[in-house]
Amino acid sequence: MLKRTCIPFTRSLVRLQRFRYSFSTVASQESQTSDAVPESINDLSKPVHVRLPNRSPFMKSMFLGTVDTELLTFPESLNREEQSRLTKHTQQVKEGLKHGGAEASFNSLELLGLQGPLEYAGKQFTETELAYISELMSEDRAKALVTLEHNTIVKIISQHGTDALKEAYLRKMCSGEVTAASALYEVTSSRQTMFGTVANLDFANQKWTLHGTKVLLRNDTRDPDLLLLVASTKNMSQMNKEDGTVAVFLVDAHTDGVKISHAGIGSKGLSRVTVDFNHVEVPESSLIGTESGGAEILMKFLSAARVQSSVVRVSLLKKILNSLTDFCINTKTSTGEMMDIEIVREQLARMASVIYAAESMIYMTTSLMDDFDSQDVEMEAAITKVFSADNLLKFATLPLQLLGPQALAAASPFEALFDDAMKLFTGDESLDSVNFFIALTGLQYAGMQSYETIKKDRNPAMYPSHVLSKLFEKTSIESPKKFANLEQFFHPSLDPAALWIELSIVRLKLATECVLSRHGIEVVDRHIELGRLAQIAGHIYAMVSTASRASRSYCIGLRHADQEVHLANMLCRETSEKVRLLAIELEKGPYITSDDDYNVVARNLFREKRYFFEHPITKNF
């Protein structure tokens, strides 16, 4: 009995010691070194951030039920010198914003060249550094979004632009002399090409000719000087399997044939900008990357933009939470203090846990971008955007739920915050489309790796032995079996969280196999099931990021680390139950759940072209 008691206790001590010394202590010592930054550390002395060879996709691999355990440790992307340089720059930005107030020019603070190369007067910031500075810029959310998009375009040009393009624009872009915006989205689609905007190359004069219309949303009154444009280069009927069909260009907005028009929409200050390209000629040097490599560049841009815009959303969520907390502390009701009401406490605690999870996802994703060469982070970035945007809309209405109509009174601070939340949620892409992207990329990755298994599942008569083996499997969505003992990669106090994460990953794998076996390639049309898969993937990434961050905080002794552990265990417990219910619905299929019933009701709506049910007091006699 003594042996049975001592061995588990000894293992826990060993794990605790291993975690205590396995993490870097940069963050824990930051407070000691942040006030004394060496003068030798400046922009000109900044080396290129060291990157490791890329690894297998982190979240995509979970659709196969595998986990890269090396990435479960919450990253410390910045070394001591980078941390000192960032601290120094942060202090300068804080001072500039403090003295300049709301009118402080982002140009004068050199915020438009944060990701530009050093040789063009840029700061060469990594995604982690930019995200940290973005938190300071987020007080002026409109300017912050414009600045973040501009910086992302600067980085794309510095990595993929031609030498002529760099010489012509990079220095001006880093100084703020010219600003750039993305022109990606369109109102109408084309059956013949990937995008309605088409680019044709004139081999005689070596120029591209652009035709089409793009739509973008702007919070800024100033029109962009440059546009990052995505256009089709080949008709769909001419496309081979290996062909690229889109290309990316940098277009001067003042070029002949470019027409920009504005139309105000909904929220104050938000306008819909329409850009028409009518026989616009641009030089061949305006092509970014290659004629067939536009899709890769587009995904890099979207991944960075999705993560950085999430920083602004999380900053707004924090402001809403802080305002609500202050209101509850200073408000009394007929029954006592408002902060003593149980439902108020529950809602504020849930909001705090969501903000903690979103923050963790942001910095885990930026680290994957920064620390690994050409790392596949498309899914992680998309999940981060959906998670932050969904919860922003949900919790922006929390003041209305708790306070009633007075939350939107003219003198209330919540009215402006609610308006800002609507602007940020409006965004420039449909969240449903992002969810479909998450699910389909995960299914595609899993399908390529488990093709043989799916083929046997879909043809049971041809593989009877496979059917028998499936009957005797010991794991199922309702009762999943552990496969990796993930608790050894977290602090022992997070053992419950590690268990729920592991069971959720098994459920994602089984749900993926179930959906692929049931629908095959027709799964692209099963949008409800795709949405459920995307939700499961998002929940798992939130759980992993949260537990990983809490584990790091406890191991290096950060303030309030014990509360972080409590929050992580709470979030993982509740989220794992959501995953279980979603996976069970996927296993049941469209006919046992209400999916097919919804289709029937919707078809009748389309047939009748209206709400067609009879009035409740109608009589039939």
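Here, the structure is the one placed above.
Not measured: the values here are computed from a predicted model.

Trainee: How should I be thinking about the overall build of the protein chain in this particular structure?
Mentor: When its secondary structure is counted, the protein chain shows 19 helices and ten strands. Looking at the protein chain as a whole, 49% of its 621 residues are labelled buried. If you sum the accessible surface of the protein chain, you get close to 30700 Å²; carbon and sulfur atoms cover 54% of it.

Trainee: I'm lost on the pattern of salt bridges in this one. Help?
Mentor: For side chains bearing opposite charge, pairing can occur when the charged atoms are close. By the definition in use, this model includes 28 salt bridges. As a salt-bridge pair, Glu186 and Lys214 come within 2.9 Å of each other at their nearest N and O atoms. Of this pair, Glu186 sits in the loop between β1 (180–183) and β2 (198–202) while Lys214 sits in strand β3 (residues 207–218); the two residues are 28 residues apart in sequence, bridging distant segments of the chain. Between Glu608 and Arg607 there is a salt bridge whose closest N-O contact spans 3.4 Å. Residue class for Arg607 comes out exposed when judged on its relative accessible area of 57%. Ionic contacts of the salt-bridge type, sharing partners, join the residues Lys60, Asp376 and Glu378 into one network.

Trainee: Just to check I follow, could you spell out helix α13 (residues 431–449) for this structure?
Mentor: Residue pairs spaced three or four apart in an α-helix point in one direction, given the helix's 3.6 residues per turn. Here α13 contains 19 residues, and its C-alpha end-to-end distance of 28 Å stays within 8% of the 27 Å for a straight helix at 1.5 Å per residue. Buried within α13 are the following residues: Leu431, Val434, Asn435, Phe437, Ile438, Ala439, Thr441, Gly442, Leu443, Tyr445 and Ala446. Of the surrounding secondary structure, the elements contacted by the buried residues of α13 are α3 (58–62), α8 (294–329), α10 (378–396), α12 (413–426), α16 (495–519) and α17 (527–556). The backbone nitrogen of Asp432 has a side-chain oxygen 3.2 Å away, supplied by the residue at the start of α13, namely Ser430.

Trainee: Explain unusual backbone geometry here, please?
Mentor: With glycine set apart, most residues show a phi of negative sign, and most peptide bonds adopt trans. Phi is positive for Gln206, which is not a glycine, with a value near 55°. Note that Gln206 resides in the loop between β2 and β3. Positive phi outside glycine occurs at Ser374, with the angle close to 55°. Assignment of secondary structure puts Ser374 in the loop between α9 (342–371) and α10.

Each value, and the rule that gives it
Residues numbered from 1 in each chain as written. Predicted model: local features only at pLDDT ≥ 70, side-chain atom pairs only at ≥ 80, totals over all residues. Heavy atoms only, no water. Helix = DSSP H or I, 4+ residues; strand = E, 2+ residues; numbered from the N terminus. Buried < 20%, exposed > 50% of the residue type's maximum accessible area, 1.4 Å probe, protein only. Areas by Shrake-Rupley, 256 points an atom, 1.4 Å probe, with all protein chains shown as cover. Salt bridge = Lys/Arg side-chain N within 4 Å of Asp/Glu carboxyl O. Expected span 1.5 Å × (residues − 1). Contact = heavy atoms within 4.5 Å. Polar contact = N/O pair within 3.5 Å; in protein donor to acceptor, adjacent residues only side chain to side chain.

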